Protein chains: 2
Amino acid sequence: MPHLHDLNPRVSVDNVILGFDDENLNVLLIGRSLSDGRTDDVLALPGDLIFENENLEMAAERVLFELTGLTDLFLQQAGAFGDPNRLAKPKDREWLKTVRQEPDVRVITIAFFSLVNMNDYTPQPASFARSVQWVPIQDVGDLAFDHNRILTTCLKRLRETIAIKPVGFNLLPVKFTLGQLHRLYEAILDKPLDKRNFRRKIQKLDILTHLDEKQEGVPHKPSSFYKFNEIKYQKLVETGFDNFGF
Amino acid sequence: MPHLHDLNPRVSVDNVILGFDDENLNVLLIGRSLSDGRTDDVLALPGDLIFENENLEMAAERVLFELTGLTDLFLQQAGAFGDPNRLAKPKDREWLKTVRQEPDVRVITIAFFSLVNMNDYTPQPASFARSVQWVPIQDVGDLAFDHNRILTTCLKRLRETIAIKPVGFNLLPVKFTLGQLHRLYEAILDKPLDKRNFRRKIQKLDILTHLDEKQEGVPHKPSSFYKFNEIKYQKLVETGFDNFGF
């Protein structure tokens, strides 16, 4: 029988936490310290080996909490990454040698992702994370291991999901303008969306309640506020959009 | 350095091969032999441990070929399955003891799936597969390990994919009727679809070419044959349906 906190040396989890800050999409990255106290300049997704006695979802939650203090996120699996050379970059090799008992063993990682409102979470570095920061997606450079590839895959999965379900609507404040919703969709899809077309399609979904209230103190014509119809929204999350219509 | 054919004792792949036989959806299952020549009555997905030097996709292709002789399939990853108790059922334990060097070690499996026309493939059992058979989805009983869960997940993924892309259209003969296409979609989605509504939506996709040819020798009013417009079809596969329309 494995002990409760025995590590599985061959399987890890990595978390892609995407944060919307009312304007842009960001990803949560850690700077890592070597066990001898030195640091390197490589940013990485918060990830680590799993314990023998926990399932993959539990491992992802635990590792995220241990490295960043974040908790209570809805983590969705994006798949496994198992290139035999995924740990082969020199700086990664050096880091592994200082923190792993078996630094040469092949590790398969399972990626999880989540989309949150950045303002609701305050990450704090801990364990081997010497720093933790939100980085705008367009500013992400060369990450550790195969983490760029993992990030790209998770973004793709998010964009596919948003095409069939109204994910992300709940990242907005309780009362919001159509302009804010429009900006959220542009940030996630990383492309400009025609404003008039967008509004027409959103209205057609019939999940918004128009409020008898407008913006105040704005330099432009004040926009109306909306809120979600929770019941209709939940129904749409379950059934998905009509899309191809089957 | 690991040797070319060193097994990774902690990571396996499993393949969910879904076969359409012009009427129903089936899944490819193997009966397994114990290394002492006995057999058990448990059916399983074709799966096995990965080699240290191959990536996950290569492992899935190799294992599928070794157990069933099938080759040249487009395998898509459905995710990782890592419940610590996934190997705990008594018959599975017994089988593992006869075939594995470390039967007690925890194994994470990565699932792959593919949708094919059954008539194009003739599986042959080999290695520890004593038999291989296509089983209609609705007749699948209790499978080995967590294979029922894996099958369910893959079916869900397939249905999500078909909502955003025209997968599966290429399972039909070169010339086909709208009735055949309708039946394919009913089989994949496992529910009746209104015929008139279905035809309207398919026509709207604008990927079919109407042929100047009809069925012959059928007891009902002969239906027209269609073929795909390959260029428009490929474009739709890449862009996805207009669905929510972003």
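These numbers come from a predicted model, not from an experiment.

## A closer look at the overall build of chain A
Turning to step 1, where the next piece is worked out: A tally of regular secondary structure across chain A gives 6 helices and 9 strands.
Turning to step 2, where the next piece is worked out: Its C-alpha atoms give chain A principal-axis dimensions of about 60 × 45 × 30 Å.
Turning to step 3, where the next piece is worked out: Among the 246 residues that make up chain A, the fraction classed as buried is 36%.

## Description of unusual backbone geometry
Residues and elements named next belong to chain B.
Turning to step 1, where the next piece is worked out: Within the chain, Ser127 stands out as a residue other than glycine whose phi angle is a positive 55°.
Turning to step 2, where the next piece is worked out: Looking at where Ser127 falls in the secondary structure, it is placed in the loop between strand S6 (108-117) and strand S7 (129-136).
Turning to step 3, where the next piece is worked out: Residue Ser127 is classed as partly exposed on the basis of its C-beta count, with 16 C-beta atoms lying within 10 Å.

## Observations concerning the domain arrangement of chain A
Residue and element names in this part refer to chain A.
Turning to step 1, where the next piece is worked out: If you check the domain split of chain A, you get domain 1 (7-163) and domain 2 (166-239).
Turning to step 2, where the next piece is worked out: If you average the C-alpha positions of domain 1 and of domain 2, the two centres end up 31 Å apart.
Turning to step 3, where the next piece is worked out: Residue-level contacts link 11 residues of domain 1 with 9 residues of domain 2.
Turning to step 4, where the next piece is worked out: In the side of domain 1 that touches domain 2, the residues fall into 5 nonpolar, 3 polar and 3 charged.

## Focus on the interface of chain B and chain A
Turning to step 1, where the next piece is worked out: Between chain B and chain A, the residue contacts involve 30 residues of the former and 30 residues of the latter.
Turning to step 2, where the next piece is worked out: When grouped by side-chain class, the residues that make up the side of chain B that touches chain A number 14 nonpolar, 9 polar and 7 charged.

## A closer look at the nonpolar core
Turning to step 1, where the next piece is worked out: Counting residues in hydrophobic clusters, the biggest one holds 115 residues, and the most contacted among them are A:Val16, A:Ala111, A:Cys154, B:Val16, B:Ala111 and B:Cys154.
Turning to step 2, where the next piece is worked out: Those residues in contact with A:Val16, other than ones at most four positions away along the chain, are A:Val27, A:Leu45, A:Ala111, A:Phe113, A:Ile150, A:Leu151 and A:Cys154.

## Observations concerning the environment of B:Leu87
Residue and element names in this part refer to chain B.
Turning to step 1, where the next piece is worked out: With respect to the helices and strands, Leu87 occurs in the loop between strand S5 (76-81) and helix H2 (90-99).
Turning to step 2, where the next piece is worked out: With 21 C-beta atoms packed within 10 Å, Leu87 lands in the buried category.
Turning to step 3, where the next piece is worked out: Separated by 52 residues in sequence, Leu87 and Asp139 have C-alpha atoms that sit 23 Å apart.
Turning to step 4, where the next piece is worked out: Filtering out sequence-adjacent residues up to four positions away, Leu87 remains in contact with Asp92, Leu96, Val107 and Phe145.

## Digging into the packing of helix H4 (residues 178-189) of chain A against helix H5 (residues 195-205) of chain A
Residues and elements named next belong to chain A.
Turning to step 1, where the next piece is worked out: Orientation of H4 relative to H5, taken along the N-to-C sense of each, is 105°, at an axis distance of 11 Å. Classed by the angle they form, the pair H4 and H5 counts as roughly perpendicular. Contact residues: Leu178, Leu181, His182 and Tyr185 in H4; Lys195, Phe198, Arg199 and Ile202 in H5.
Turning to step 2, where the next piece is worked out: When grouped by side-chain class, the residues that make up the contact of H4 with H5 number 5 nonpolar, 1 polar and 2 charged.

Reading the values: rules and limits
- Residues numbered from 1 in each chain as written.
- Chains lettered and ligands numbered in written order.
- Predicted model: local features only at pLDDT ≥ 70, side-chain atom pairs only at ≥ 80, totals over all residues.
- Helix = DSSP H or I, 4+ residues; strand = E, 2+ residues; numbered from the N terminus.
- Buried ≥ 20, exposed ≤ 12 C-beta atoms within 10 Å, placed from the backbone.
- Domains from an automatic or database assignment.
- Contact = placed C-beta atoms within 7 Å.
- Nonpolar A, V, L, I, M, F, W, Y, C, P; charged D, E, K, R; others polar.
- Core = buried A, V, L, I, M, F, W, Y, C linked by C-beta atoms within 7 Å.
- Axes fitted to C-alpha atoms, helices over the stretch in contact; angles between N-to-C directions.
- Parallel < 35°, antiparallel > 145°, perpendicular 65-115°, else oblique.

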